[in-house]
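# A structural walkthrough
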Amino acid sequence: MDIKALSGVQRTKEFLGKSVKKQNPNIILDIFREDSNYKTFGIKDTKEINDSIIKKLLKKGYSWNTIDSCTDRGRAVDLNLLNPITGKLMIGSSSGTAINVLYGLNTVGVGTDGGGSVLGPAIGLNLYSVLLSGVGLKGRTNKKSTDSIEFTPGVGFITQNFTELEKVCEIFLTEPQEIIKKCCVIDLDIECYGKLKEGYEINILEKQEKLYERDSMIEFLKNTFKSYSALIYLEKDVELYGLGDSVFGVMGEKAKEIQKNSNKGFLKVLNMLNCSAITIPTGDIGSAIVIVVPEGEIYLKSLLEISKVLNEDKRPKLYREYFLNYPLKEIDNRDFKIWREND
């Protein structure tokens, strides 16, 4: 029995009307069913997530706890939710899904990603995430971005740790798989190079001027994947110094500059290229190592293996205790306590 998951279910009611839109009224019965693994998941409030994905999670023993709040019409920032760490507007659009994982209400969050809407919220909260567009986990409808790029939303998952992320990814593994041994990297520290050198041929791409426009990013990635089957890079300081929202960014030159300062990198286009990607949080706020592979079910196992090599939880102890272990902390109030005279 997972006491953290059970307590998270009970604490969910505190988030109703905020990051939680609805809670399953039968969740306690579901979590104690015969084939339960005592882990829970939440789903972003969108029709884009196919029922077949939900059924696979249920078949593996997960219990459906919440329908999660999200941004208005897919905006990149949530005007109704704040980032619990920074106090700034929460990154969208899978905003509620990420917050509910951060606080341990759900073991797994399921969201959709058009131009960074799963990876962005996860990075903003220093959580783990995976985008599985490359293995065919896609939404139902075709859309067009604010910069006129056509895409279909991808489906991704957010978790507190790599172990849970790996378990979810393994549900979607198929055979055969291709082993990737050659990677290119951009802007990684020496420690990461050292880890990768033991099992992979590493080519370091020269650090270029940071790309901003989606068209330029897409062209760069297409060229990169002509020579390599894995790209590893760093998303850094996402949404710390700007507001990465295109609805805001069209409001003149000042707004455009503030939008650029949000510092979002390739996460804005990975789904549009049908890539799969995993983000591993660093110890710095709004930053993550990102491992990307091109479209194809055959690359998922290698994506997991490379990520496993790079994974190291450097998040501060206070962060883990305050947020990730929230369900295990007593709520400090006057009710339901027998107080000693001298307390």
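Notes on the structure follow. (Residues numbered from 1 in each chain as written. Predicted model: local features only at pLDDT ≥ 70, side-chain atom pairs only at ≥ 80, totals over all residues. Heavy atoms only, no water.)

Right, let's get into the overall build of the protein. In terms of regular secondary structure, the protein is built from 12 helices and 15 strands. Relative to a compact globule of 343 residues, whose C-alpha radius of gyration would be 20 Å, the protein shows 20 Å and is just as compact. If you line up the protein on its principal axes, its C-alpha atoms span 70 × 50 × 45 Å. Sorting the 343 residues of the protein into buried and exposed places 54% on the buried side. Taking the contacts inside the protein whose residues are at least 6 apart along the sequence as the reference set, 70% of them involve residues at least 24 apart. Only carbon and sulfur atoms are counted for the fraction: they give 50% of the accessible area of the protein, which is about 16,600 Å². Computing the positive centroid from 47 side-chain charges and the negative centroid from 47, the protein places the two 2 Å apart. (Helix = DSSP H or I, 4+ residues; strand = E, 2+ residues; numbered from the N terminus. Rg over C-alpha atoms; globule rule 2.2 N^0.38 Å. Buried < 20%, exposed > 50% of the residue type's maximum accessible area, 1.4 Å probe, protein only. Contact = heavy atoms within 4.5 Å. Areas by Shrake-Rupley, 256 points an atom, 1.4 Å probe, with all protein chains shown as cover. Lys, Arg positive; Asp, Glu negative; His and termini not counted. Charge placed at Lys NZ, Arg CZ, Asp CG, Glu CD.)

Pairing analysis gives three bridges linking strand 1 (residues 20-23) to strand 3 (residues 63-68), with the strands arranged antiparallel. The residue of strand 3 that forms the bridge with V20 is D68. Where strand 2 (residues 40-44) and strand 3 come together, five bridges link them in parallel fashion. Bridged to F41 within strand 3 is W64. Taking the sense of rotation as the criterion, the β-α-β connection linking strand 2, helix 3 (residues 51-59) and strand 3 turns out right-handed. (Pairing = 2+ DSSP bridges. Right-handed = clockwise from strand over helix to strand, strands pointing away.)

Right, let's talk about the packing of helix 6 (residues 162-170) against helix 11 (residues 300-310) for a bit. As a packed pair, helix 6 and helix 11 sit with axes 11 Å apart at the nearest point and diverge in direction by 170°. For the element pair helix 6 / helix 11, the angle class is roughly antiparallel. Two secondary-structure elements touch here, helix 6 through F162, E166, C169 and E170 and helix 11 through L300, L304, S307 and K308. (Axes fitted to C-alpha atoms, helices over the stretch in contact; angles between N-to-C directions. Parallel < 35°, antiparallel > 145°, perpendicular 65-115°, else oblique.)

This part is about the packing of aromatic side chains. For the structure on display, the rule yields 12 aromatic pairs. For the pair Y319 and F323, a centre-to-centre distance of 5.7 Å together with 50° between the ring planes defines the contact as tilted. Taken together, the residues span about one helical turn, with Y319 and F323 both in helix 12 (residues 317-324) at a distance of four residues. Here the two residues Y319 and F323 agree in accessibility, since each one is buried. Grouped by ring-pair contacts, the aromatic residues F15, Y103, Y319, Y322, F323 and Y326 constitute a single cluster. The ring of Y326 carries the charged tip of R11 above its face, separated from the ring centre by 5.1 Å. When the ring centre of Y200 is taken as reference, the NZ or CZ atom of K181 above it lies at 5.0 Å. (Phe/Tyr/Trp six-rings, centres within 6.5 Å; stacked < 30°, edge-to-face > 60°. Lys NZ or Arg CZ within 6 Å of the ring centre and 35° of its normal.)

Let us now look at the nonpolar core. In this structure, V110, F157, F172, L196, I232, I306 and L310 are the most contacted members of the largest nonpolar core, which totals 44 residues. If one sorts the elements of this core by residue count, helix 11 sits on top with five residues. Look past the residues within four positions of F172 in its chain and what remains in contact with it is I53, K56, L132, L137, F157 and L300. Counting 28 residues, the second largest nonpolar core, distinct from the first, contains I123, F220, F225 and Y233. (Core = buried A, V, L, I, M, F, W, Y, C linked by side-chain atoms within 4.5 Å.)

Let us now look at the side chain of N83. Examined against the element boundaries, N83 turns out to sit in the loop between strand 4 (77-82) and strand 5 (89-91). We classify N83 as buried; its relative accessible area is 5%. Within the structure, N83 has its side chain in polar contact with the backbone oxygen of G124 (distance 3.1 Å). If sequence neighbours within four positions are ignored, N83 has contacts with K88, L89, M90, G124 and L125. (Polar contact = N/O pair within 3.5 Å; in protein donor to acceptor, adjacent residues only side chain to side chain.)

Here the focus is the pattern of salt bridges. In this structure the tally under the stated criterion is 16 salt bridges. Across the salt bridge formed by K143 and E48, the nearest N and O atoms sit 3.8 Å from each other. Within this pair, whereas K143 is found in strand 8 (residues 143-144), its partner E48 is found in the loop between strand 2 and helix 3, the two being separated by 95 residues in sequence. On the basis of relative accessibility, which here comes to 37%, the residue K143 falls in the partly exposed class. Residue classification places E48 among the buried positions, given a relative accessible area of 4%. (Salt bridge = Lys/Arg side-chain N within 4 Å of Asp/Glu carboxyl O.)

Just geometry here; none of it tells us what the structure is for.
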